[in-house]
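Fold and geometry: a report
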Amino acid sequence: MWIKLEKDFFGFQKDLYMCVVYNPPSMSSYTQGLDRDITECLEQETAKYMKMGNVLLCGDFNARIANSPDYILNDDQSYLPLFDNYPIDKQILKRQSSDTTIDSRGKSLLDLCILNQLRILNGRVLGDVFGKYTCYTPNGSSVVDYVMVSESILDQVLYFYVHNFMPTVSDCHCILEWEMSSKFTVDDNGCNINMFDKSPNFIWSDESPTNFQTALL
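Residues numbered from 1 in each chain as written. Predicted model: local features only at pLDDT ≥ 70, side-chain atom pairs only at ≥ 80, totals over all residues. Heavy atoms only, no water.

Considerations on the overall build of the chain
So the rule is basically this: Elements are defined by DSSP. Helices are runs of H or I of four residues or more, strands are runs of E of two residues or more, and each kind is numbered from the N terminus. Between buried and exposed lies partly exposed: a residue is buried under 20% and exposed over 50% of the maximum accessible area for its type, with that area taken using a 1.4 Å probe on protein chains only. Should any heavy atoms of two residues lie within 4.5 Å, those residues are considered in contact. Here the accessible surface of atoms and residues is derived via Shrake-Rupley with a 1.4 Å probe, and residues count as covered only by protein chains that are part of the display.
When helices and strands are tallied, the chain shows five helices and 11 strands. Residue burial in the chain is summarised as follows: out of 217 residues, 38% are buried. By sequence separation, contacts in the chain at least 24 residues apart represent 67% of the contacts at least 6 residues apart. For the chain, the computed accessible surface area is about 13800 Å², with 55% contributed by carbon and sulfur atoms.

This is the structure we're talking about:
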C-alpha cells in the first residue's frame with residue numbers, strides 16, 4: 001500500500017511516498033501460489049516513485065541482512081569516467097544488527113537499497129543503535145522488519161525504536177516506531193501554517209531540564 005505525504009502540507013522539499021510492505025516468506029505456500037514476485041513489484045514501484053519524490057518503505061520484508069552495507073562503500077567518482085550527475089553514496093554510519101544471518105531475500109533487499117539510495121534505519125538511528133531483534137519465533141529470533149528512507153531525508157529522522165515484543169499485538173513481530181521532522185504547524189482554526197521561513201526558537205525555563213530528561217527516557 002502506497003501513501004503520498006504532500007510536500008506542501010508537511011513542508012517537505014519533495015513529496016514523500018510511503019509504502020507499507022508485507023512480503024510473505026519465500027518458501028510459504030502463499031508465495032508459491034502467487035503469479036508475480038512481490039520483490040520485483042516492489043522494485044518497479046520504488047523506482048517509479050523515486051522519480052516523483054522521496055520514498056519510505058516500512059513493514060515485514062521477511063528478509064535477513066545482518067549488518068551488511070546498504071550503500072556502496074568508498075563510493076567516489078574521482079577515479080572513474082562517470083556521468084556528471086552520478087549520485088555518490090554518502091559514507092554514513094554503518095548499521096549494527098543483533099541478527100548475524102543474511103539470506104537471498106536479504107541480498108535482494110540490499111540491492112534495492114543500493115540501486116535507489118535507500119538507507120535502513122534499523123541499527124543506525126538514535127533509539128536502535130544496536131539493531132534489536134524484530135521477530136521472535138519458536139525457531140529463534142531475527143531482524144526481518146525494517147524502515148528505510150531516501151538518503152536525502154535521512155537527517156529528518158529524529159529517532160527509530162523497536163518496541164518489546166507484545167503477544168497481544170502480533171504473533172511474533174515487534175512494533176516499529178519512528179518520527180520525522182516537518183516544517184508546519186496548525187493555527188487555532190485548524191489551518192496549516194508553513195514554517196519554512198520561521199526559525200526554531202526555544203525558550204528555556206526552569207522546567208526545561210526535567211522535560212528534556214523525560215523526553216530522552
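Back to the write-up after that little detour.
A few points about a nonpolar patch on the surface
This is how the line gets drawn: In this analysis, a patch consists of residues with relative accessible area above 30% that form no salt bridge, clustered at 9 Å for like charges and at 5 Å for the nonpolar side chains Val, Leu, Ile, Met, Phe, Trp and Tyr. We count a salt bridge whenever a side-chain nitrogen from Lys or Arg sits within 4 Å of a carboxyl oxygen from Asp or Glu.
Side chains of Met 1, Ile 3 and Val 20 sit close together on the surface and give an oily, nonpolar patch of about 290 Å² of accessible area. Relative to the helices and strands, Val 20 is located in strand E2 (residues 16-22).

A short note on the nonpolar core
Our working rule: Only buried residues count toward a nonpolar core, which is a set of Ala, Val, Leu, Ile, Met, Phe, Trp, Tyr and Cys residues joined through side-chain atoms within 4.5 Å.
Ranked by size, the top nonpolar core spans 20 residues in total, and within it Leu 16, Leu 56, Leu 121, Val 147, Val 149 and Phe 160 carry the most contacts. Listing elements by their share of this core, those giving two or more residues are E2, strand E3 (54-60), strand E7 (145-150), strand E8 (157-162) and strand E9 (176-180). Top element by residues in this core is E8. It accounts for three residues. Contacts of Leu 56, omitting those with residues within four sequence positions, involve Leu 16, Tyr 17, Met 18, Cys 19, Val 147, Met 148, Val 149, Trp 178 and Met 180. The next biggest cluster of nonpolar side chains, apart from the first, holds 19 residues, and it includes Leu 42, Leu 109, Leu 112 and Ile 120.

As for the sheet that holds strand E4 (residues 118-120)
We apply this condition: Two strands pair under a simple rule: DSSP has to find at least two bridges between them. Here, axes are lines fitted to C-alpha atoms. For helices the fit covers the stretch in contact, and angles between N-to-C directions go from 0 to 180 degrees.
Spatial strand order, E1-E2-E3-E7-E4: five strands in an open sheet with mixed pairing. Both outer strands of the open sheet, strand E1 (2-5) and E4, are each paired with one neighbouring strand and no more. For this sheet, the mean inter-axis angle between neighbouring strands, taken without regard to orientation, is 20°. As defined by bridge partners, E2 adjoins E3 across seven bridges and the pair is classed as parallel. When the bridges of E3 are listed, Tyr 22 appears paired with Asp 60. Relative to the sheet, helix H3 (residues 38-50) contacts E1, E2, E3, E4 and E7, its axis offset from that of E3 by approximately 155°. Packed on one face of the sheet, helix H4 (residues 104-116) meets E3, E4 and E7 and runs near 130° to E4.

Regarding the pattern of salt bridges
In total, this model carries four salt bridges according to the counting rule given. The closest approach of N and O atoms between Asp 70 and Arg 124, which form a salt bridge, is 2.9 Å. Taken together, the residues span a long stretch of sequence, with Asp 70 in the loop between E3 and H4 and Arg 124 in the loop between E4 and strand E5 (135-137) at a distance of 54 residues. For the pair Asp 70 and Arg 124, one class covers both residues: buried.

Topic: the state of the cysteines
Keep this limit in mind: We call a pair of cysteine sulfur atoms a disulfide when they lie within 2.5 Å.
On inspection of all chains with the given rule, the structure shows zero disulfides. With no disulfide partner, Cys 19 has as its closest neighbouring cysteine sulfur the one in Cys 58, 7.4 Å distant. Residue Cys 174 stays outside any disulfide, its sulfur separated by 7.8 Å from that of Cys 135, the closest cysteine. Using a relative accessible area of 10% as the deciding quantity, one classes Cys 174 as buried.

Overview of the packing of aromatic side chains
Heads up, the rule is: Classification of ring pairs uses Phe, Tyr and Trp, with its six-membered ring standing for Trp, and accepts pairs whose centres are within 6.5 Å; under 30 degrees between planes counts as stacked, over 60 as edge-to-face, and the remaining range as tilted.
A full pass over the atoms with the stated rule returns seven aromatic pairs. Note on Phe 9 and Phe 10: the rings are 4.8 Å apart at their centroids and 70° apart in plane angle, and the pair reads as edge-to-face. For Phe 9, a relative accessible area of 39% puts it in the partly exposed group. On the basis of an interplanar angle of 40° and a centroid distance of 6.0 Å, the ring pair of Tyr 136 and Phe 165 is categorised as tilted.

Spatial relationships are all this shows, so hold off on functional conclusions.
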